[in-house]
Amino acid sequence: MDEPRFELAWTREEGAERAALGFRRTFGTDPVGVWAAPGRVNIIGEHTDYNQGLCAPIALPHCVYAAVAPSDDDTVRLSSAQLAEGELWQIPMDEVRPGNVSGWGAYVAGTIWGMRQRLMPAPAVTAYVDSCVPFGAGLSSSAALSCAFAVAEAALAGVPDSAGLRIRLVDAACDAENQIVGAPTGGLDQSASLRSARAHVLILDFLNSVARQVPFNLASARLELLVIDTKAPHQLNDGQYGSRRASCEAAARKLGVASLREVDDLDAAMRILGPDSVEGKRARHVITEIARTKEFEQIARQGCWEELGRLFQESHNSLRYDYEVTVPELDVAVESALATGAHAARMTGGGFGGSVIAVVPVERLQRVANGVSEAFAQAGFAPPAFLIGTPSAPAARVR
Ligand code: ADP
Ligand code: MG
């Protein structure tokens, strides 16, 4: 077995320098500025966003960096360090509409399109992207990409930064993903990237769009959040996500409520839906997960971290048996992390691959990383990667 690989976050200065250098190499001029937006992990509250529920993400220290200059012909021109060197992705903005844009630039052109649809000024840009957010790991590199451009666009257009602006940028970045890329995601990722705060967890309530920043200071208890990128292919676009969403909507209809958020009697709901039916199982996950997220907020406010073990276990099992979105890599990562010294572990993100989070005493980080890597080798899985999930700052200008 090879040494476990830790994906280190760049400092914001380092990220800014890389993106600015790439811009100069590619376009022969200097960018007007560099903007960064973080990936995220959700601490708890999975598949609750589209059920008007709650979730609890933090921003990772890992960011997408965009070196940007306005373009003078309303065409978007992009290059990325993560793709073939020198290859240009481009589109005139008048060709951007649902169903007409493919490739990674859809996240960028889609965000500009979304802002314009919402009557916000948003110039077309020339840009170079570099990133230390692993992509396809369920850590939301896609939203980080959109959100780096959302803040860049607002700044280039001279719109002053504010909490209100950021709520509108979340919506525009969601438009990019929902309407131009065509992924029916629910707003968690973009909110985390734009509205988080350093050393805090963001409690997001989708019923009323309220966001509360609650101190999340594991470090004072000598704990770290270990993120395990399982490398299992993360596939939300094969219909599984849509079918989960459809089951929730069908369950809500049968229960006579606008969304599963409104259900307060689980037993009564199960009597109507049937506890073993697909809709019953999906609804039970959502209803109990919303309750767990409310409980997590109290735990975070009080710093009772010893409660996280039980809460994470209940959440993981609910996603495994009721929502049926785990894969063997996620289950093995959770089990091996707990077996080698993690206090708490669960899958995070949409599932079907992606990442696991574990709360680990600082002195056991290496042991847990070794234990998970060994369990993966034994199971015949590709080696996982590890990140330290320090709750970090939201999207911002870095140069
Ligand atoms: P996740 O958001 O969990 O990382 P997604 O499949 O939603 O996974 O998004 C990954 C996609 O986002 C990539 O396939 C690519 O289109 C785009 N993307 C993310 N980061 C970059 C980057 N640095 N350069 C180019 N494209 C990127
Ligand atoms: Mg994504």
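Thresholds applied
Within every chain, residues take consecutive numbers counted from 1 along the sequence as written. Here chains are named by letter from A upward and ligands by number from 1 upward, in the order in which they appear as written. At least 70 in pLDDT is required for a residue's local features to be given in this predicted model, at least 80 for side-chain atom pairs to be given and counted, and no such filter applies to totals for whole chains, interfaces and linings, which use all residues. Computation of side-chain values covers all heavy atoms of the structure but excludes hydrogens and water. In this scheme, strands are said to pair when DSSP sees at least two bridges between them. Helix and strand definitions follow DSSP, with helices as H or I runs of at least four residues and strands as E runs of at least two, each counted in order from the N terminus. Contact criterion: two residues are considered in contact whenever any of their non-hydrogen atoms come within 4.5 Å of each other. To obtain an axis, a line is fitted to C-alpha atoms, over the contacting stretch when the element is a helix, and the angle between two such axes runs from 0 to 180 degrees between their N-to-C directions. Residue count minus one, scaled by 1.5 Å, sets the expected span of a helix. Accessibility here uses a 1.4 Å probe with only protein chains present; expressed as a share of the type maximum, an area under 20% marks a residue as buried, one over 50% as exposed, and anything in between as partly exposed. We call a residue near a molecule or strand as soon as one heavy atom of that residue lies within 4 Å of the molecule or strand. Polar contacts, as used here, are pairs of N or O atoms within 3.5 Å; protein pairs need one atom able to donate a hydrogen and one able to accept it. Residues neighboring in sequence count only if both atoms are side-chain atoms. For every accessible area listed, the method is Shrake-Rupley and the probe measures 1.4 Å; residues are considered covered only by the protein chains on display.

With that out of the way, let us pick up the sheet that holds strand E9 (residues 210-215). Strands in a sheet are paired, the pairing made by backbone hydrogen bonds, and the direction either parallel or antiparallel. Overall, antiparallel pairing links the three strands, which are arranged E3-E8-E9 in an open sheet. A single partner strand is all that each edge strand has here, and the edge strands are strand E3 (54-55) and E9. Direction of pairing for E3 relative to strand E8 (residues 200-205): antiparallel, over a ladder of two bridges. In the sheet register, Cys-55 faces E8, and the bridge partner there is Leu-204. Packed onto the sheet, helix H5 (residues 188-195) meets E3, E8 and E9 and runs at close to 135° relative to E8. The strands touched by helix H8 (residues 278-302) are E3, E8 and E9; relative to E9, the strand with the most contacts, the crossing angle is about 40°.

Our next topic: helix H9 (residues 308-322). Three- or four-residue spacings in an α-helix give side chains the same orientation, since the helix completes a turn every 3.6 residues. The end-to-end C-alpha separation of H9 is 20 Å, in line with the 21 Å expected for 15 residues at 1.5 Å each. Every buried residue of H9 is accounted for by Leu-308, Leu-311, Phe-312, Ser-315, His-316, Ser-318, Leu-319 and Asp-322. At its buried positions, H9 is contacted by H8, helix H10 (328-339), strand E11 (344-348) and strand E12 (355-361). A positive phi of about 55° marks Glu-324, the residue just after H9.

For His-47, which is not glycine, the phi torsion reads 60° and is therefore positive. Tracing the sequence through the fold places His-47 in the loop between strand E2 (33-42) and E3. One non-glycine residue, Gln-52, lies in positive phi territory at about 60°. Residue placement: Gln-52 occurs in the loop between E2 and E3. By relative accessible area, Gln-52 is classed as partly exposed at 29%.

Turning to the site of ligand 1, a few remarks are in order. In the neighbourhood of ligand 1, 18 residues make up the surrounding shell, with Ser-80, Gln-82, Gly-136, Ser-141 and Ser-142 lying closest. A distance of 2.8 Å separates an oxygen atom of ligand 1 from a polar backbone atom of Gly-136. One of the side-chain N or O atoms of Ser-141 is found 2.6 Å from an oxygen atom in ligand 1. When ligand 1 sits alone it has 560 Å² of accessible area, and the protein chains cover 82% of it. Breaking the shell around ligand 1 down by element, the ones donating at least two residues are strand E7 (125-131) and helix H3 (141-156). With three residues, the single largest contributor to the shell around ligand 1 is H3.

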